[in-house]
Amino acid sequence: MRTVVELPAGQAGDTGAGPLLEVSGLDVTYRTARGLLPAVRDVSFRVERGEVFGLVGESGSGKSSLVTALMRLLPRGSEITADRLEFDGTDLLTMPESRMRRLRGREIGLVPQRPMTSLSPVTPVAAQLRRLTGGEVDDARLHELLTDVGLGGLKARLGDYPFQFSGGQLQRMLIAVAVLAREPSLVLADEPTTTLDATVQAQVLRLLLDLRERLGNTVLLVTHDLGVVAQVCDRVGVMYGGRLVEVAPTRQLFEDPQHPYTRALLAAMPSNQARGERLRPIPGTVSGAQLLPGCPFAPRCDRATALCWEVDPEPTEHAGRTVRCHHPGSPA
Ligand SMILES: Nc1ncnc2c1ncn2[C@@H]1O[C@H](COP(=O)(O)OP(=O)(O)OP(=O)(O)O)[C@@H](O)[C@H]1O
Ligand code: SF4
Ligand SMILES: [Mg+2]
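Criteria and thresholds
For every chain, the first residue of its written sequence is number 1, and the numbers climb from 1 along that sequence. Lettering of chains starts at A and numbering of ligands starts at 1, both following the order in which they are written. Only residues with pLDDT of at least 70 are given local features in this predicted model, and only at 80 or more are side-chain atom pairs given and counted; all residues enter the totals for whole chains, interfaces and linings. Only hydrogens and water are removed before side-chain values are computed, so all heavy atoms of the structure are retained for them. Among the buried residues, those of types Ala, Val, Leu, Ile, Met, Phe, Trp, Tyr and Cys that are joined through side-chain atoms within 4.5 Å form a nonpolar core. Using a 1.4 Å probe on the protein chains alone, a residue whose accessible area is under 20% of its type maximum counts as buried, one over 50% counts as exposed, and one in between counts as partly exposed. To qualify as a helix, a DSSP run of H or I must reach at least 4 residues; to qualify as a strand, a run of E must reach at least 2; elements of each kind are numbered from the N terminus. As annotated, the domain borders come from an automatic or database domain assignment. Geometry of aromatic contacts follows a simple scheme: Phe, Tyr and Trp rings, the Trp one being its six-membered ring, pair when their centres are within 6.5 Å, and the pair is stacked under 30 degrees between planes, edge-to-face over 60, tilted otherwise. In these notes, residues near a molecule or strand are those with any non-hydrogen atom within 4 Å of it. Polar contact criterion, stated in full: a pair of N or O atoms within 3.5 Å, where within protein one must be able to donate a hydrogen and the other to accept it, and residues adjacent in sequence count only if both atoms are side-chain atoms.

A. Representation of the nonpolar core within the structure. Core analysis: the largest hydrophobic core is formed by 57 residues, its most contacted members being V111, L146, M173, I175, V179 and L221. At nine residues, the largest contribution of residues to this core is made by helix α5 (residues 167-180). Counting contributing residues, this core receives three or more from each of domain 1 (3-107 + 184-323) and domain 2 (108-183).

B. Molecular detail of the packing of aromatic side chains. Enumeration according to the criterion identifies five aromatic pairs in this entry. Each ring, one from Y161 and one from F163, has its centre 6.5 Å from the other, and the planes form 10°; the classification is stacked. Using a relative accessible area of 31% as the deciding quantity, one classes Y161 as partly exposed. Among the residues examined, F163 registers a relative accessible area of 59% and is labelled exposed. Each ring, one from Y261 and one from F297, has its centre 5.4 Å from the other, and the planes form 65°; the classification is edge-to-face. Remark: F297 occurs in the loop between α9 (260-267) and α10 (306-310) and Y261 occurs in helix α9; sequence separation between them is 36 residues. A connected cluster of aromatic rings, assembled from ring pairs, spans Y240, Y261 and F297.

C. How the structure looks around the site of ligand 1. By nearness alone, 16 residues border ligand 1, and S59, G60, K63, S64 and S65 come closest of all. Interatomic distance of 2.9 Å between a backbone N/O atom of S64 and an oxygen atom of ligand 1. Counting residues per element, the ones that place at least two in the shell around ligand 1 are β2 (21-32), β3 (35-47) and α1 (63-70). With three residues, α1 is the largest single contributor of residues to the shell around ligand 1.

Encoded structure:
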């Protein structure tokens, strides 16, 4: 039976040794002026403890909606339903909001996409960083945290405002509070380097990965950068039109992509793709894909048959990978 967020709160489950995050049949629907928009549809995946799970897909495919749903921070009026949405064995959907507030930051850390816009422009950074840790750190601890992320030299400037720092410095500060301050077991990073220039992107990503090695946390990394996926992710989920169309260990995905959309993405990636380059466009547009009755990729797929236009494929599992396609596999 499906559980809706607005239902009365239930009991949290026991902490177990299963996957850290288990998502099954997740739907996210926005209420818009033009009607209901299903941004995430029937998405199922697991993130194992200690792994880096990458989430890729072109703009509008539903990646941020998925991440935001995990934190239960979707805008008012939107709806989350799922067969299962569990973090560390605990049901996130029925968790009371008071418990959810404690969990955010403490057990699940969020590294935002745009450091500048996630901070207020009119409040000094020190006050904001302390607030983001739930008021749990004093100035001395804040200095320690910032030194730990290579910002020890900024100690005297923490009364400054966000615009007085570079995007890379702000992102390091936010990583210090999201990852280091309370050492959450799961870190959600939604395109954490997109707004930074290429050199700084590499440094910030290195910092996230170094912290992950040190703290042993689990990372769900949303990225447009297939070069990053290839180098740092253990497994990858590919999103298209609100669907998770393929999930596979990274190497298998790159060596033998099964879904036509994954194949098109990889074919559009030059073998010498530089870090920091966004996904190259493939022919056609993702616009409206969520609303099609059949497979969302049918209008752009060179394998589409009548069945594809009429029936949305169910996910099928084989040898540790999941594919959502009527005609998967390598080209004949
Ligand atoms: N608050 C909202 N209200 C209404 N529709 C929304 C809202 N946020 C996102 N959407 C729509 O939901 C769909 C998925 O958007 P989402 O931001 O999750 O995609 P994304 O994969 O994160 O894209 P990007 O790579 O550009 O960040 C899009 O059609 C988007 O327009
Ligand atoms: S289900 Fe059909 S249209 Fe969709 S990706 Fe597979 S072959 Fe293409
Ligand atoms: Mg996004």
